[in-house]
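Single-letter residue listing:
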Amino acid sequence: MKKLIAIFGVVLAMSACSNAKKEEAIRQAAIKATRDSMRVDSFQKAEIVKKELAVKEAKEAEEKRVLMLAEARAAENAPAARMASPSSSTTTTTTTQKKKGWSSAALGTVIGAGAGGLGGALIDKKKGRGAVIGGVAGAGAGYLIGRGQDKKSGRAQ
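Residues numbered from 1 in each chain as written. Predicted model: local features only at pLDDT ≥ 70, side-chain atom pairs only at ≥ 80, totals over all residues. Heavy atoms only, no water.

K.L.:
For this particular structure, what's the right way to read the overall build of the protein chain?
P.N.:
Scanning the protein chain for helices and strands turns up 4 helices and 0 strands. Order of helices (α) and strands (β) in the protein chain, N terminus to C terminus: α-α-α-α. Taken over 157 residues, the protein chain has a buried fraction of 13%. For the protein chain, restricting intrachain contacts to residue pairs at least 6 apart in sequence, the fraction spanning at least 24 positions comes to 60%. Carbon and sulfur atoms make up 65% of the accessible area of the protein chain, which amounts to about 13,100 Å² in all. (Helix = DSSP H or I, 4+ residues; strand = E, 2+ residues; numbered from the N terminus. Buried < 20%, exposed > 50% of the residue type's maximum accessible area, 1.4 Å probe, protein only. Contact = heavy atoms within 4.5 Å. Areas by Shrake-Rupley, 256 points an atom, 1.4 Å probe, with all protein chains shown as cover.)

K.L.:
Before we go on, may I ask you to explain the packing of helix α3 (residues 104–123) against helix α4 (residues 127–153) in this structure?
P.N.:
To characterise two packed helices, one gives the angle between the axes of the helices and the distance between these axes. For the pair α3 and α4, interaxial distance at closest approach is 5 Å and the crossing angle is 155°. As the angle between them shows, α3 and α4 are arranged roughly antiparallel. Considering how the two elements wind past one another, α3 and α4 form a crossing that is right-handed. (Axes fitted to C-alpha atoms, helices over the stretch in contact; angles between N-to-C directions. Parallel < 35°, antiparallel > 145°, perpendicular 65-115°, else oblique. Left-handed = near helix turned anticlockwise from the far one by under 90°.)

K.L.:
Would you take a moment to explain α3 for this structure?
P.N.:
Taking 1.5 Å of rise per residue, 20 residues should cover 28 Å, and α3 covers 27 Å from first to last C-alpha, within 8% of that figure. Regarding α3, the residues found buried are Ala105, Gly108, Gly112, Gly116, Gly117, Gly120 and Ala121. Contacts from the buried residues of α3 go to α4. (Expected span 1.5 Å × (residues − 1).)

K.L.:
Even after reading the chapter, I still don't get the side chain of aspartate 124, so can you show me in this structure?
P.N.:
Locating aspartate 124 in the fold gives a position in the loop between α3 and α4. The buried category is assigned to aspartate 124, whose relative accessible area is 18%. Only 3.4 Å separates the side chain of aspartate 124 from the backbone nitrogen of glycine 130, close enough to count as a polar contact. In contact with aspartate 124, other than residues within four places in its own chain, are Arg129 and Gly130. (Polar contact = N/O pair within 3.5 Å; in protein donor to acceptor, adjacent residues only side chain to side chain.)

Pasting the structure below:
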């Protein structure tokens, strides 16, 4: 009976002991893997946003090109219409209206704020603080660049 109680005690002691260091290491490895996968997801999301922005800019460039071609065609057709009727005493003048919509400064501010916010969130450990700082810096830089483009195009003086 003494042997049976001794064996039972040893088995109980062995089963009660656990390797806490090994379990902690496994838990830390799982946390690290989760964090790494979250970072990969963030970079993938950033790449998707960049691609969407590039597509949007390409569409805007195409719209500008089509608008310029339409204006060129209208300018080519206007002198032909005047020459066709030299006997008329009235002359027609074409006035080009400025394109309504966002100025380059406003567009640059929005794009800069978005890109800066995303970059700040990815770079800084405290996501909110980095996004705010990056957004403000990006918005300022985007505004300055867009304002320069507005001055070149004659929209702003």
